[in-house]
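Here is how the chains run, residue by residue.
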Amino acid sequence: EALCVKSGEWVWRLHVEVSLLDDGGNAVDACALAAVAALRHFRLPEVRIGGGDGDGNGNGDGNGDAPETTTIIHSDDREPSPLPLHHTPLTSTFALFSDESGESVAVSSLLDPSDREELACNGLLT
């Protein structure tokens, strides 16, 4: 609802792209945290919709219609509003290690593995 500009017609579409420069382990958690931080920092500009004759079609068919105009208001004129995030996703990665001797089906887990621990583990759970 917060991204809706005009109900049923126009919405803002956000795209978050994360570039990973170095993987010291636990890259999924770091990327998720970076994406949430970017969304919390983002400010949504205000939009003014005007023009037209009020019938909503704005097709300019010669019946006194004028096409609707959409204006994105600059941040110098009006303060953009923060994106309302009601929940913050947090991720945790566990490295899973099985018993190498095969005598037990017990699995050990390690929270927040490094890159070497990720290589040595039998599986990851995020």
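A. Molecular detail of the overall build of the protein chain. Regarding its fold elements, the protein chain presents two helices and nine strands. Going from N to C terminus, the protein chain has its helices and strands arranged as β-β-α-β-β-β-β-β-β-α-β. A separation of at least 24 residues holds for 54% of the contacts in the protein chain among residues at least 6 apart in sequence.

B. Looking closely at the environment of Glu 1. By the secondary structure assignment, Glu 1 is in the segment before β1 (4-6). Sequence-wise, Glu 1 and Val 11 are 10 residues apart; in three dimensions their C-alpha atoms are separated by 8.8 Å.

C. Looking closely at the pattern of salt bridges. All told, the structure shown has two salt bridges when counted by the stated rule. Taking the shortest distance from any N to any O, the salt bridge between Glu 9 and Lys 6 comes out at 3.6 Å. Overall, the relative accessible area of 18% leaves Lys 6 in the buried class.

D. Region of the structure containing unusual backbone geometry. Positive phi is not limited to glycine here, since Asn 26 has a value of about 65°. What makes Asn 26 buried here is its relative accessible area of 9%. Its identity as a non-glycine residue notwithstanding, Asp 112 has a phi of 60°, on the positive side. Inspection of the secondary structure puts Asp 112 in the loop between β8 (107-111) and α2 (115-120).

E. Representation of the environment of Asn 122 within the structure. Considering the arrangement of structural elements, one finds Asn 122 in the loop between α2 and β9 (123-125). As a C-alpha pair, Asn 122 and Val 107 span 15 residues in sequence and 9.6 Å in three-dimensional space. At a separation of 2.9 Å, a polar atom in the side chain of Asn 122 contacts the main-chain amide nitrogen of Ser 98.

F. Representation of the confidence of the model for the protein chain. When pLDDT is averaged along the protein chain, the result is 84, and 88% of the positions lie at 70 or above. Of all the helices and strands in the protein chain, strand β4 (residues 47-51) carries the lowest mean pLDDT, 81, while strand β7 (residues 94-98) carries the highest, 94.

G. A look at the side chain of Asp 29. In this structure, Asp 29 sits in helix α1 (residues 27-41). Once residues lying within four places of it in the same chain are set aside, the contact partners of Asp 29 are Thr 91, Ser 92, Thr 93 and Thr 126.

H. View of the environment of Asn 26. Between the C-alpha atom of Asn 26 and that of Ala 95, which follows or precedes it by 69 residues, the distance is 9.6 Å. Polar side-chain contacts of Asn 26 include one of 3.2 Å to the side chain of Asp 29. In this structure the side chain of Asn 26 is engaged in a polar contact, spanning 3.0 Å, whose partner is the side chain of Thr 93.

Analysis parameters
Residues numbered from 1 in each chain as written. Predicted model: local features only at pLDDT ≥ 70, side-chain atom pairs only at ≥ 80, totals over all residues. Heavy atoms only, no water. Helix = DSSP H or I, 4+ residues; strand = E, 2+ residues; numbered from the N terminus. Contact = heavy atoms within 4.5 Å. Salt bridge = Lys/Arg side-chain N within 4 Å of Asp/Glu carboxyl O. Buried < 20%, exposed > 50% of the residue type's maximum accessible area, 1.4 Å probe, protein only. Polar contact = N/O pair within 3.5 Å; in protein donor to acceptor, adjacent residues only side chain to side chain. pLDDT = per-residue confidence, 0-100.

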